[in-house]
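Here's the letter readout for the chains.
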Amino acid sequence: MPADYLKPLLRESDSKIVLLILDGLGGLPVQAGGPTELEAAKTPVMDRLAAEGTLGQIVPIRPGVTPGSGPAHLALFGYDPLTYLVGRGALEATGVGVDVRPGDVAARGNFATLALDGTISDRRAGRIPTDEALPLVEMLQAIEIPDVRVQVKHVKEYRFAVVMRGEGLSPEIEDTDPLRTGLKPLAPVARDKASEKAAGLYAQWIAKAQEVLKDQPKANGMTLRGFGTDPRLPQYQDVYGLKAACVAVYPMYKGVSKLVGMDVAKFEGESPQDEFNTVADIWADYDFQFCHVKKTDSMGEDGNFDGKVAVIEGVDAALQTVLDMQPDVLVITGDHSTPARMKYHSWHPVPLLLWAPERGLRDPQTAFGERACAAGGLGTFPATDIMPLALAHAGRLDKFGA
Ligand code: ZN
(Lines give C-alpha, C1' and ligand atoms only; values in the text may rest on other atoms or scores of the structure.)
Protein backbone atom coordinates (compact mmCIF):
# COMPACT_ATOMS: atom_id res chain seq x y z
CA MET A 1 0.00 0.00 0.00
CA PRO A 2 1.45 3.42 -0.82
CA ALA A 3 2.12 5.47 2.28
CA ASP A 4 0.03 3.16 4.46
CA TYR A 5 1.55 4.84 7.52
CA LEU A 6 -0.56 7.85 6.57
CA LYS A 7 -3.90 6.17 6.91
CA PRO A 8 -4.18 6.41 10.72
CA LEU A 9 -3.07 10.05 10.48
CA LEU A 10 -5.67 11.25 7.98
CA ARG A 11 -7.81 14.08 9.25
CA GLU A 12 -11.08 15.44 7.90
CA SER A 13 -10.71 18.76 6.17
CA ASP A 14 -12.35 20.83 3.48
CA SER A 15 -9.00 22.03 2.18
CA LYS A 16 -8.17 21.76 -1.53
CA ILE A 17 -5.04 20.48 -3.22
CA VAL A 18 -3.99 20.97 -6.84
CA LEU A 19 -1.17 18.92 -8.38
CA LEU A 20 -0.18 20.57 -11.65
CA ILE A 21 2.07 18.40 -13.79
CA LEU A 22 3.95 19.82 -16.76
CA ASP A 23 5.00 16.61 -18.48
CA GLY A 24 8.75 16.39 -19.00
CA LEU A 25 9.22 19.76 -17.23
CA GLY A 26 12.89 19.34 -16.29
CA GLY A 27 15.41 20.54 -18.85
CA LEU A 28 19.06 21.29 -19.56
CA PRO A 29 20.89 24.35 -20.88
CA VAL A 30 21.66 24.22 -24.60
CA GLN A 31 25.14 25.47 -23.77
CA ALA A 32 26.92 25.01 -20.47
CA GLY A 33 26.06 27.88 -18.17
CA GLY A 34 23.01 28.94 -20.17
CA PRO A 35 19.43 28.74 -18.96
CA THR A 36 17.23 25.64 -19.06
CA GLU A 37 13.81 25.83 -20.71
CA LEU A 38 12.12 26.62 -17.38
CA GLU A 39 14.76 29.19 -16.49
CA ALA A 40 14.53 30.85 -19.91
CA ALA A 41 10.71 31.06 -19.74
CA LYS A 42 9.20 34.32 -18.52
CA THR A 43 6.99 33.11 -15.68
CA PRO A 44 6.03 36.04 -13.44
CA VAL A 45 3.21 34.12 -11.75
CA MET A 46 5.20 30.99 -10.94
CA ASP A 47 8.14 33.15 -9.84
CA ARG A 48 5.86 34.92 -7.38
CA LEU A 49 4.63 31.55 -6.10
CA ALA A 50 8.27 30.44 -5.80
CA ALA A 51 9.05 33.51 -3.72
CA GLU A 52 6.06 32.85 -1.47
CA GLY A 53 6.54 29.10 -1.38
CA THR A 54 9.20 26.41 -1.14
CA LEU A 55 11.22 24.79 -3.92
CA GLY A 56 12.84 21.40 -4.23
CA GLN A 57 13.44 18.67 -6.74
CA ILE A 58 12.04 15.19 -7.06
CA VAL A 59 13.58 11.90 -8.16
CA PRO A 60 10.85 10.12 -10.19
CA ILE A 61 11.91 6.43 -9.89
CA ARG A 62 15.45 6.13 -8.51
CA PRO A 63 18.57 8.22 -9.16
CA GLY A 64 19.86 7.59 -12.67
CA VAL A 65 16.70 5.84 -13.88
CA THR A 66 14.99 7.38 -16.91
CA PRO A 67 11.23 6.96 -16.42
CA GLY A 68 8.37 6.35 -18.77
CA SER A 69 5.40 8.64 -18.14
CA GLY A 70 3.20 5.83 -16.78
CA PRO A 71 5.42 4.74 -13.88
CA ALA A 72 6.48 8.37 -13.32
CA HIS A 73 2.82 9.31 -12.74
CA LEU A 74 2.29 6.41 -10.37
CA ALA A 75 5.22 7.81 -8.38
CA LEU A 76 3.67 11.30 -8.37
CA PHE A 77 0.49 9.76 -7.00
CA GLY A 78 2.50 8.04 -4.24
CA TYR A 79 2.71 4.50 -5.62
CA ASP A 80 6.26 3.18 -5.84
CA PRO A 81 6.54 2.23 -9.52
CA LEU A 82 8.98 -0.57 -8.71
CA THR A 83 6.21 -2.21 -6.65
CA TYR A 84 3.22 -1.26 -8.80
CA LEU A 85 3.95 -2.32 -12.35
CA VAL A 86 1.19 -1.45 -14.78
CA GLY A 87 1.34 -2.37 -18.47
CA ARG A 88 0.87 0.71 -20.57
CA GLY A 89 -1.77 -1.12 -22.59
CA ALA A 90 -4.00 -1.12 -19.53
CA LEU A 91 -3.41 2.61 -18.98
CA GLU A 92 -4.16 3.55 -22.55
CA ALA A 93 -7.23 1.33 -22.89
CA THR A 94 -8.64 2.61 -19.60
CA GLY A 95 -7.89 6.15 -20.74
CA VAL A 96 -10.03 5.81 -23.87
CA GLY A 97 -12.92 4.49 -21.83
CA VAL A 98 -12.57 0.70 -22.09
CA ASP A 99 -13.49 -0.94 -18.81
CA VAL A 100 -10.33 -2.98 -18.15
CA ARG A 101 -10.91 -5.44 -15.30
CA PRO A 102 -8.54 -7.66 -13.35
CA GLY A 103 -7.95 -10.74 -15.55
CA ASP A 104 -8.41 -8.87 -18.83
CA VAL A 105 -5.35 -8.47 -21.03
CA ALA A 106 -4.93 -5.07 -22.68
CA ALA A 107 -2.35 -3.95 -25.23
CA ARG A 108 -1.60 -0.76 -27.09
CA GLY A 109 -1.43 -1.05 -30.84
CA ASN A 110 0.31 0.91 -33.58
CA PHE A 111 -0.67 0.77 -37.23
CA ALA A 112 2.51 0.19 -39.22
CA THR A 113 3.61 0.03 -42.84
CA LEU A 114 5.07 -3.27 -44.00
CA ALA A 115 7.33 -3.71 -47.06
CA LEU A 116 6.72 -6.53 -49.58
CA ASP A 117 8.99 -8.86 -47.62
CA GLY A 118 6.93 -8.31 -44.45
CA THR A 119 9.48 -6.14 -42.69
CA ILE A 120 8.38 -2.87 -41.11
CA SER A 121 9.15 0.19 -43.21
CA ASP A 122 7.29 2.70 -40.98
CA ARG A 123 6.47 1.89 -37.35
CA ARG A 124 3.69 4.52 -37.31
CA ALA A 125 2.15 4.04 -40.78
CA GLY A 126 3.11 7.57 -41.78
CA ARG A 127 1.39 8.84 -38.63
CA ILE A 128 -1.98 8.42 -40.35
CA PRO A 129 -4.50 10.91 -39.01
CA THR A 130 -7.47 9.92 -36.89
CA ASP A 131 -10.01 10.10 -39.74
CA GLU A 132 -7.96 7.56 -41.73
CA ALA A 133 -7.44 5.32 -38.72
CA LEU A 134 -11.08 5.14 -37.57
CA PRO A 135 -12.36 2.95 -40.46
CA LEU A 136 -9.39 0.61 -39.94
CA VAL A 137 -10.20 0.30 -36.25
CA GLU A 138 -13.77 -0.56 -37.26
CA MET A 139 -12.42 -3.37 -39.44
CA LEU A 140 -10.38 -4.68 -36.51
CA GLN A 141 -13.44 -4.50 -34.26
CA ALA A 142 -15.17 -7.04 -36.48
CA ILE A 143 -12.54 -9.72 -35.82
CA GLU A 144 -13.81 -12.53 -33.63
CA ILE A 145 -11.79 -15.03 -31.62
CA PRO A 146 -13.48 -18.08 -30.05
CA ASP A 147 -13.99 -18.05 -26.26
CA VAL A 148 -12.92 -14.47 -25.64
CA ARG A 149 -14.47 -11.06 -25.96
CA VAL A 150 -12.19 -8.68 -27.85
CA GLN A 151 -12.60 -4.91 -27.66
CA VAL A 152 -10.70 -2.60 -29.98
CA LYS A 153 -10.78 1.15 -29.51
CA HIS A 154 -9.08 3.98 -31.33
CA VAL A 155 -6.72 6.12 -29.22
CA LYS A 156 -5.22 8.84 -31.42
CA GLU A 157 -3.86 9.02 -34.99
CA TYR A 158 -2.08 5.68 -35.69
CA ARG A 159 -2.65 4.30 -32.18
CA PHE A 160 -5.35 1.99 -30.83
CA ALA A 161 -5.96 -0.31 -27.87
CA VAL A 162 -7.01 -3.97 -27.74
CA VAL A 163 -8.52 -5.67 -24.70
CA MET A 164 -9.31 -9.39 -24.34
CA ARG A 165 -11.65 -10.78 -21.72
CA GLY A 166 -11.98 -14.49 -21.01
CA GLU A 167 -11.07 -17.32 -18.68
CA GLY A 168 -7.50 -17.90 -17.56
CA LEU A 169 -5.78 -14.93 -19.19
CA SER A 170 -2.56 -13.41 -17.92
CA PRO A 171 -0.63 -10.44 -19.36
CA GLU A 172 3.05 -11.43 -19.24
CA ILE A 173 3.53 -11.20 -23.00
CA GLU A 174 6.43 -9.77 -25.01
CA ASP A 175 5.87 -6.76 -27.30
CA THR A 176 5.49 -7.50 -31.00
CA ASP A 177 7.06 -4.17 -31.99
CA PRO A 178 10.76 -4.78 -32.80
CA LEU A 179 11.27 -1.01 -32.24
CA ARG A 180 13.23 -0.73 -35.51
CA THR A 181 12.37 -0.64 -39.18
CA GLY A 182 13.72 -3.37 -41.46
CA LEU A 183 12.56 -6.13 -39.11
CA LYS A 184 9.34 -8.15 -39.15
CA PRO A 185 6.81 -7.74 -36.33
CA LEU A 186 7.60 -10.23 -33.57
CA ALA A 187 5.31 -12.95 -32.28
CA PRO A 188 3.50 -12.29 -28.96
CA VAL A 189 5.58 -14.61 -26.78
CA ALA A 190 4.43 -15.53 -23.26
CA ARG A 191 6.98 -14.78 -20.54
CA ASP A 192 5.44 -17.34 -18.19
CA LYS A 193 3.24 -20.42 -18.28
CA ALA A 194 0.14 -18.57 -17.06
CA SER A 195 0.28 -16.17 -20.00
CA GLU A 196 0.54 -18.80 -22.75
CA LYS A 197 -3.20 -18.93 -23.36
CA ALA A 198 -3.51 -15.16 -23.81
CA ALA A 199 -0.39 -15.09 -26.00
CA GLY A 200 -1.92 -17.80 -28.24
CA LEU A 201 -5.20 -15.90 -28.52
CA TYR A 202 -3.37 -12.69 -29.36
CA ALA A 203 -1.38 -14.57 -32.02
CA GLN A 204 -4.69 -15.65 -33.60
CA TRP A 205 -6.02 -12.11 -33.42
CA ILE A 206 -2.88 -10.67 -34.99
CA ALA A 207 -3.04 -13.15 -37.88
CA LYS A 208 -6.65 -12.11 -38.60
CA ALA A 209 -5.83 -8.42 -38.22
CA GLN A 210 -2.96 -8.81 -40.67
CA GLU A 211 -5.34 -10.39 -43.17
CA VAL A 212 -7.85 -7.56 -42.74
CA LEU A 213 -5.22 -4.84 -43.21
CA LYS A 214 -3.05 -6.35 -45.93
CA ASP A 215 -4.33 -4.28 -48.86
CA GLN A 216 -4.19 -0.91 -47.09
CA PRO A 217 -1.83 1.58 -48.73
CA LYS A 218 -0.18 2.81 -45.53
CA ALA A 219 -1.49 0.89 -42.53
CA ASN A 220 -1.02 -2.62 -43.95
CA GLY A 221 0.30 -3.98 -40.67
CA MET A 222 0.40 -3.36 -36.96
CA THR A 223 2.27 -4.07 -33.74
CA LEU A 224 1.17 -4.55 -30.14
CA ARG A 225 3.00 -3.66 -26.94
CA GLY A 226 2.61 -2.85 -23.27
CA PHE A 227 0.45 -5.90 -22.45
CA GLY A 228 -1.12 -5.42 -19.03
CA THR A 229 -4.20 -5.78 -16.86
CA ASP A 230 -6.03 -3.80 -14.16
CA PRO A 231 -3.52 -4.08 -11.33
CA ARG A 232 -6.12 -3.38 -8.59
CA LEU A 233 -4.26 -0.35 -7.31
CA PRO A 234 -5.23 0.99 -3.89
CA GLN A 235 -7.73 3.80 -4.39
CA TYR A 236 -7.15 7.48 -3.62
CA GLN A 237 -10.19 7.77 -1.41
CA ASP A 238 -8.97 4.90 0.80
CA VAL A 239 -5.30 5.79 0.82
CA TYR A 240 -5.54 9.56 1.24
CA GLY A 241 -9.16 10.25 2.11
CA LEU A 242 -9.38 12.46 -0.97
CA LYS A 243 -12.12 12.81 -3.53
CA ALA A 244 -9.92 13.25 -6.56
CA ALA A 245 -10.31 14.34 -10.17
CA CYS A 246 -8.08 14.25 -13.23
CA VAL A 247 -8.02 17.07 -15.78
CA ALA A 248 -5.99 15.81 -18.74
CA VAL A 249 -6.15 15.70 -22.52
CA TYR A 250 -4.17 12.53 -23.33
CA PRO A 251 -5.67 9.07 -22.75
CA MET A 252 -2.78 7.48 -20.86
CA TYR A 253 -2.94 10.09 -18.08
CA LYS A 254 -6.67 9.67 -17.79
CA GLY A 255 -6.07 5.92 -17.60
CA VAL A 256 -3.52 6.01 -14.81
CA SER A 257 -5.75 8.44 -12.88
CA LYS A 258 -8.80 6.24 -13.26
CA LEU A 259 -6.87 3.20 -12.04
CA VAL A 260 -6.05 4.99 -8.76
CA GLY A 261 -9.69 5.98 -8.31
CA MET A 262 -9.85 9.51 -9.70
CA ASP A 263 -12.82 10.79 -11.67
CA VAL A 264 -11.84 11.94 -15.14
CA ALA A 265 -13.23 15.36 -16.05
CA LYS A 266 -14.79 15.80 -19.47
CA PHE A 267 -14.21 19.13 -21.21
CA GLU A 268 -13.78 20.81 -24.58
CA GLY A 269 -10.46 22.14 -25.82
CA GLU A 270 -6.85 21.22 -25.18
CA SER A 271 -5.05 24.38 -24.01
CA PRO A 272 -3.82 25.01 -20.46
CA GLN A 273 -6.51 27.69 -20.19
CA ASP A 274 -9.19 25.13 -21.15
CA GLU A 275 -7.80 22.77 -18.53
CA PHE A 276 -7.64 25.44 -15.81
CA ASN A 277 -11.18 26.54 -16.62
CA THR A 278 -12.21 22.93 -16.01
CA VAL A 279 -10.35 22.86 -12.71
CA ALA A 280 -12.37 25.92 -11.71
CA ASP A 281 -15.65 24.47 -13.01
CA ILE A 282 -15.43 21.31 -10.88
CA TRP A 283 -13.76 23.02 -7.91
CA ALA A 284 -16.55 22.47 -5.43
CA ASP A 285 -16.83 18.73 -6.11
CA TYR A 286 -13.28 17.61 -5.31
CA ASP A 287 -10.62 17.75 -2.57
CA PHE A 288 -7.80 17.04 -4.97
CA GLN A 289 -7.24 17.79 -8.64
CA PHE A 290 -4.48 16.42 -10.82
CA CYS A 291 -4.05 18.64 -13.85
CA HIS A 292 -1.79 17.45 -16.66
CA VAL A 293 -0.14 19.50 -19.43
CA LYS A 294 1.41 17.34 -22.14
CA LYS A 295 3.01 19.75 -24.59
CA THR A 296 6.11 20.51 -22.51
CA ASP A 297 7.15 16.90 -23.06
CA SER A 298 6.20 16.84 -26.75
CA MET A 299 8.32 19.95 -27.40
CA GLY A 300 11.21 18.45 -25.45
CA GLU A 301 11.05 15.25 -27.49
CA ASP A 302 11.03 17.30 -30.69
CA GLY A 303 14.19 19.06 -29.51
CA ASN A 304 12.27 22.34 -29.63
CA PHE A 305 13.76 24.43 -26.81
CA ASP A 306 11.85 27.60 -27.72
CA GLY A 307 8.62 25.66 -28.16
CA LYS A 308 8.96 24.19 -24.69
CA VAL A 309 9.67 27.66 -23.29
CA ALA A 310 6.50 28.94 -24.98
CA VAL A 311 4.36 26.14 -23.50
CA ILE A 312 5.67 26.93 -20.01
CA GLU A 313 4.93 30.63 -20.56
CA GLY A 314 1.42 29.72 -21.73
CA VAL A 315 0.81 27.79 -18.53
CA ASP A 316 2.04 30.72 -16.47
CA ALA A 317 -0.21 33.14 -18.33
CA ALA A 318 -3.29 31.00 -17.59
CA LEU A 319 -2.43 29.98 -14.04
CA GLN A 320 -4.32 32.83 -12.37
CA THR A 321 -7.53 30.93 -13.14
CA VAL A 322 -6.39 28.25 -10.67
CA LEU A 323 -5.13 30.76 -8.11
CA ASP A 324 -8.49 32.56 -8.19
CA MET A 325 -10.00 29.40 -6.70
CA GLN A 326 -7.71 29.86 -3.68
CA PRO A 327 -6.24 26.37 -3.37
CA ASP A 328 -4.76 25.54 0.04
CA VAL A 329 -1.90 23.70 -1.62
CA LEU A 330 -0.60 24.02 -5.16
CA VAL A 331 2.24 21.73 -6.25
CA ILE A 332 3.79 22.38 -9.67
CA THR A 333 6.28 19.87 -11.00
CA GLY A 334 6.84 17.34 -13.80
CA ASP A 335 6.74 13.56 -14.04
CA HIS A 336 10.33 13.47 -15.35
CA SER A 337 12.73 15.65 -17.32
CA THR A 338 12.63 15.88 -21.12
CA PRO A 339 15.49 18.23 -22.03
CA ALA A 340 15.08 19.59 -25.57
CA ARG A 341 18.83 19.11 -25.94
CA MET A 342 18.39 15.33 -25.47
CA LYS A 343 15.10 14.99 -27.41
CA TYR A 344 14.19 12.28 -24.92
CA HIS A 345 13.10 11.62 -21.36
CA SER A 346 15.99 11.77 -18.90
CA TRP A 347 16.88 10.72 -15.37
CA HIS A 348 17.56 14.23 -14.07
CA PRO A 349 15.70 15.30 -10.95
CA VAL A 350 12.63 17.44 -11.68
CA PRO A 351 12.04 20.97 -10.35
CA LEU A 352 9.17 21.26 -7.86
CA LEU A 353 7.29 24.20 -6.42
CA LEU A 354 5.15 23.83 -3.30
CA TRP A 355 2.89 26.78 -2.55
CA ALA A 356 0.77 26.61 0.58
CA PRO A 357 0.03 30.15 1.78
CA GLU A 358 -1.23 29.11 5.21
CA ARG A 359 1.28 26.43 6.27
CA GLY A 360 4.22 26.73 3.88
CA LEU A 361 7.73 27.72 4.93
CA ARG A 362 9.27 30.24 2.57
CA ASP A 363 12.77 29.47 1.43
CA PRO A 364 15.13 32.11 -0.02
CA GLN A 365 14.38 31.19 -3.64
CA THR A 366 12.52 33.74 -5.76
CA ALA A 367 12.21 32.14 -9.21
CA PHE A 368 11.04 28.76 -10.49
CA GLY A 369 13.91 27.01 -12.26
CA GLU A 370 16.23 24.01 -12.05
CA ARG A 371 19.06 25.69 -10.17
CA ALA A 372 16.77 27.51 -7.75
CA CYS A 373 15.00 24.20 -7.07
CA ALA A 374 18.32 22.41 -6.52
CA ALA A 375 18.99 24.99 -3.76
CA GLY A 376 15.39 24.96 -2.49
CA GLY A 377 14.16 24.35 1.02
CA LEU A 378 12.63 20.94 0.32
CA GLY A 379 15.88 19.50 -1.00
CA THR A 380 15.88 16.50 -3.31
CA PHE A 381 13.38 13.78 -2.45
CA PRO A 382 11.48 10.85 -4.01
CA ALA A 383 8.38 11.73 -6.05
CA THR A 384 6.38 9.35 -3.85
CA ASP A 385 6.75 11.86 -0.97
CA ILE A 386 4.78 14.58 -2.77
CA MET A 387 1.39 13.33 -1.56
CA PRO A 388 2.32 13.23 2.16
CA LEU A 389 3.79 16.75 1.85
CA ALA A 390 0.69 18.00 0.07
CA LEU A 391 -1.62 16.44 2.67
CA ALA A 392 0.37 17.89 5.57
CA HIS A 393 0.37 21.38 4.06
CA ALA A 394 -3.37 21.05 3.48
CA GLY A 395 -3.93 20.33 7.18
CA ARG A 396 -5.01 16.79 6.45
CA LEU A 397 -2.55 14.85 8.63
CA ASP A 398 -2.55 14.37 12.40
CA LYS A 399 0.43 13.82 14.67
CA PHE A 400 2.27 10.50 14.46
CA GLY A 401 2.57 8.94 17.93
CA ALA A 402 2.13 10.60 21.30
ZN1 ZN B 1 5.95 12.16 -19.11
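In this report, we go over the structure that sits alongside the text. (Residues numbered from 1 in each chain as written. Predicted model: local features only at pLDDT ≥ 70, side-chain atom pairs only at ≥ 80, totals over all residues. Heavy atoms only, no water.)

Here eight strands make up an open sheet; going across it, the order is β9-β8-β10-β1-β11-β12-β2-β13 and the pairing mixed. Edge strands, defined here as strands with exactly one partner in the open sheet, are β9 (263-264) and β13 (380-382). In this sheet, β13 lies alongside strand β2 (residues 54-59) in parallel orientation, the contact comprising three bridges. The residue of β13 that forms the bridge with Val 59 is Pro 382. Sitting on the sheet, helix α9 (residues 272-281) is in contact with β1 (17-22), β8 (244-247) and β10 (288-293), with an inclination near 170° to β10. (Pairing = 2+ DSSP bridges. Helix = DSSP H or I, 4+ residues; strand = E, 2+ residues; numbered from the N terminus. Contact = heavy atoms within 4.5 Å. Axes fitted to C-alpha atoms, helices over the stretch in contact; angles between N-to-C directions.)

Turning our eyes to something else, we now look at the pairing of strand β7 (residues 221-228). Extensive coverage of β7 is indicated by the burial of eight of its eight residues. Across six bridges, strand β3 (residues 105-114) lies against β7 in antiparallel orientation. Within β7, the residue paired with Asn 110 across the bridge is Thr 223. (Buried < 20%, exposed > 50% of the residue type's maximum accessible area, 1.4 Å probe, protein only.)

With distances of 2.0 to 2.1 Å, the protein atoms coordinating the zinc ion are Asp 23 (OD), Ser 69 (OG), Asp 335 (OD) and His 336 (NE2). For the zinc ion, the four donor atoms in the first shell make angles of 100 to 130° at the metal, so the coordination geometry reads as tetrahedral. Counting the intervening residues between successive donors of the zinc ion yields the motif D-x45-S-x265-D-H. Of this pair, Asp 23 sits in the loop between β1 and α1 (37-40) while Ser 69 sits in helix α3 (residues 69-76), and the two are 46 residues apart along the sequence. Across the pair, exposure class does not vary: Asp 23 and Ser 69 are buried alike. (Donors = N, O, S within 2.8 Å, 3.2 Å for Na, K, Ca; no water. Tetrahedral: all angles 85-135°; square planar, octahedral: opposite > 155°, others 65-115°.)

To continue, consider the packing of helix α5 (residues 130-141) against helix α6 (residues 196-213). Between α5 and α6, the least distance of the axes is 10 Å, while the angle of their chain directions is 135°. With respect to each other, α5 and α6 are oriented oblique. Considering the relative orientation of α5 and α6, their crossing is right-handed. Note on element contacts: α6 touches α5 through Trp 205, Ala 209, Val 212 and Leu 213, opposite Leu 136, Met 139 and Leu 140. Counted by class, the contact of α5 with α6 contains seven nonpolar, no polar and no charged residues. (Parallel < 35°, antiparallel > 145°, perpendicular 65-115°, else oblique. Left-handed = near helix turned anticlockwise from the far one by under 90°. Nonpolar A, V, L, I, M, F, W, Y, C, P; charged D, E, K, R; others polar.)

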